[in-house]
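# Analysis of the macromolecular model
Listed below are the residues making up each chain.
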Amino acid sequence: MPMSTAHLPVLSAISGILLLATASGTSAEMLKPFKDELFSSQTVIESHDNGAFQTIDYQELRDINGRDQIPEKRVKPAYVDTGVRWKAQEDETLEIGDRRVDVTRIGPASKQAFTVIFIHGRGGDRRLGSNDYAFGGNFNRLKNLAYKNGGTYYAPSVRGFDSNGVADIAALIRYSYEQSGGKPVILTCASMGSFICWGITRDAESVKRLKGMAILSGVTDPDFTKSAFYKAKLPLWFTHGSKDPVYAAADQQALFEKLYKAHYPTRFTLFETGNHGTPVRMTDWRKVLNWLVDTQAP
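Residues numbered from 1 in each chain as written. Predicted model: local features only at pLDDT ≥ 70, side-chain atom pairs only at ≥ 80, totals over all residues. Heavy atoms only, no water.

For the chain, the name recorded in an unreviewed UniProt entry is Pimeloyl-ACP methyl ester carboxylesterase, with Rhizobium miluonense as its organism.

Inspection of the sheet shows strand β1 (residues 44–48) paired to strand β2 (residues 53–57) by four bridges, in the antiparallel sense. Residue H48 lies in a different strand from β2, and its bridge partner there is F53. Hairpin connection, β1 to β2: the antiparallel pair is bridged by four residues, and D49 has positive phi, about 55°. (Pairing = 2+ DSSP bridges. Helix = DSSP H or I, 4+ residues; strand = E, 2+ residues; numbered from the N terminus.)

A few words on helix α7 (residues 163–180). Between its first and last C-alpha atoms α7 spans 26 Å; for 18 residues at 1.5 Å apiece the expected length is 26 Å, and the two agree. Listed as buried for α7 are G165, V166, D168, I169, A170, A171, L172, I173, Y175, S176 and S180. Its side-chain oxygen 3.2 Å from the backbone nitrogen of N164, D162 forms the N-cap of α7. (Expected span 1.5 Å × (residues − 1). Buried < 20%, exposed > 50% of the residue type's maximum accessible area, 1.4 Å probe, protein only. Polar contact = N/O pair within 3.5 Å; in protein donor to acceptor, adjacent residues only side chain to side chain.)

Judged by nonpolar contacts, the single largest core of 44 residues is most densely connected at L187, W198, I200, F229, L236 and F238. For this core, the leading source of residues is α7, giving seven residues. Other than its neighbours up to four places away in sequence, I200 contacts V166, I169, A170, I173, L187, S206, V207 and L210. By size, the runner-up hydrophobic cluster in this structure holds 27 residues, among which are F114, A190, L216 and W291. (Core = buried A, V, L, I, M, F, W, Y, C linked by side-chain atoms within 4.5 Å. Contact = heavy atoms within 4.5 Å.)

And the structure:
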């Protein structure tokens, strides 16, 4: 169709906006920055597999003692914004079919843009995943990233790391997916909570509702390649401390390498000298969640 030169300034302006959005990365990122200067300024000391595997410089004196007012108990005020706690946080018990799930919810109960679910490890409950001040303020950042971007974050209490626990979280995944109208659901699991994640990978109905998964300091599943999650080629991100005395980083890294060689969408972040709890403190949630949502199954 013929176009007059009067359209050219408009087209030029639109092109400029699109180029700016592409250059800044905002067009492809679900989560906008939140305290990135404090949480995302991590030094990569090794990278291979085209950047899929990265080793991050971690130093206890800097990343715990220098970050916390009281080491491992209370982070410095600059790392948190507790307004989200009063604006959008609720403790509730969800009745989902025949399951009862105690959760802390941050964000809307329905019509959310996305959902993130965090599964704690042994000895924890929903209070761990909603603690603003522990773990260097990293959960406060996760809460704010969800809320400020129209999403919902759930920190449930897991009653057991067995089939009953898996069934509870499967119900929460279904509930979140339905409440949001089919928007992305991301499952993340730490330490022994990884048993729940691996159990969910075998539940085909849950896999249909998931967008991706992250494992922090988790156990390795040697049968993962037989799961519905693997067959669906959903993205998977591992984070681990190199000196984890509970679950060896080398075991999880071996699984990553196997998946990467099979062209599976996966990433691995290793925190050099990090201990078992390091990934909960140091995982860059914005980077991880954006990649999990943006990555399409091949």
